[in-house]
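# Architecture at a glance
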Amino acid sequence: LQIYLAGKKLWYAWAVTLLCEAIWLTYTFITEQWGFIVGCIIYGIIGTKNLIQWRREHNNGKAS
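Residues numbered from 1 in each chain as written. Predicted model: local features only at pLDDT ≥ 70, side-chain atom pairs only at ≥ 80, totals over all residues. Heavy atoms only, no water.

The helix and strand tally for the chain stands at three helices and zero strands. Of the regular secondary structure in the chain, the N- to C-terminal order runs α-α-α. For the chain, whose C-alpha radius of gyration is 14 Å, the value lies well above the compact-globule estimate of 11 Å for 64 residues. Here the chain holds 64 residues, and 22% of them are scored as buried. Pairs at least 24 apart in sequence give 42% of the contacts found in the chain among residues at least 6 apart. (Helix = DSSP H or I, 4+ residues; strand = E, 2+ residues; numbered from the N terminus. Rg over C-alpha atoms; globule rule 2.2 N^0.38 Å. Buried < 20%, exposed > 50% of the residue type's maximum accessible area, 1.4 Å probe, protein only. Contact = heavy atoms within 4.5 Å.)

What follows concerns the nonpolar core. Residues Leu5, Ala6, Ala13, Trp14, Val16 and Leu51 constitute the largest nonpolar core, which totals six residues. Contributing elements (two or more residues each) for this core: helix H1 (2-7) and helix H2 (13-31). Per element, the largest residue contribution to this core is three residues, and it comes from H2. (Core = buried A, V, L, I, M, F, W, Y, C linked by side-chain atoms within 4.5 Å.)

For H2, built from 19 residues, the straight-helix expectation of 27 Å at 1.5 Å per residue is met to within 8% by its first-to-last C-alpha distance of 27 Å. Inspection of H2 places Ala13, Trp14, Val16, Thr17, Glu21 and Thr28 among the buried residues, and these make up the whole buried set. Down the axis of H2, the smallest arc covering the buried residues is 140 degrees, so these residues share one side. Those residues of H2 that are exposed and aimed more than 90 degrees away from the buried face are Leu19, Ile23 and Ile30. (Expected span 1.5 Å × (residues − 1). Arc of directions from axis to C-beta.)

Turning to the packing of aromatic side chains, a few remarks are in order. Any aromatic ring pair is given by two values, namely how distant the centres are and how the planes are angled relative to each other. Evaluated as defined, the whole model comprises six aromatic pairs. Measuring from centroid to centroid gives 5.7 Å for Trp11 and Tyr12, while their planes differ by 85 degrees, and the two rings are edge-to-face. Overall, Trp11 belongs to the partly exposed group, its relative accessible area being 25%. With 5.6 Å between their ring centres and 80 degrees between their planes, Trp14 and Trp54 make a pair best called edge-to-face. Of this pair, Trp14 sits in helix H2 while Trp54 sits in helix H3 (residues 36-63), placing them 40 residues apart in sequence. Cluster of aromatic residues (ring-pair linked, three or more members): Trp24, Tyr27 and Phe36. Directly above the aromatic system of Trp11 lies the positively charged group of Arg55, at a separation of 4.2 Å from the ring centroid. (Phe/Tyr/Trp six-rings, centres within 6.5 Å; stacked < 30°, edge-to-face > 60°. Lys NZ or Arg CZ within 6 Å of the ring centre and 35° of its normal.)

Any functional reading would require information that these geometric values do not contain.
What follows is the structure, given as structure tokens:
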């Protein structure tokens, strides 16, 4: 879903990414598969950075 939304250039695709990472983080703790934490952190950082950037661009586009 996130890839589809990002392909449509929708800023909230990155919010979906962060939601998915929260789900994966929950899964990590429930199953005690600690290796997933690294991926959650990396994708969380990327998702946060892109959400901020895309949101800023979206707001700038509306102001024009």
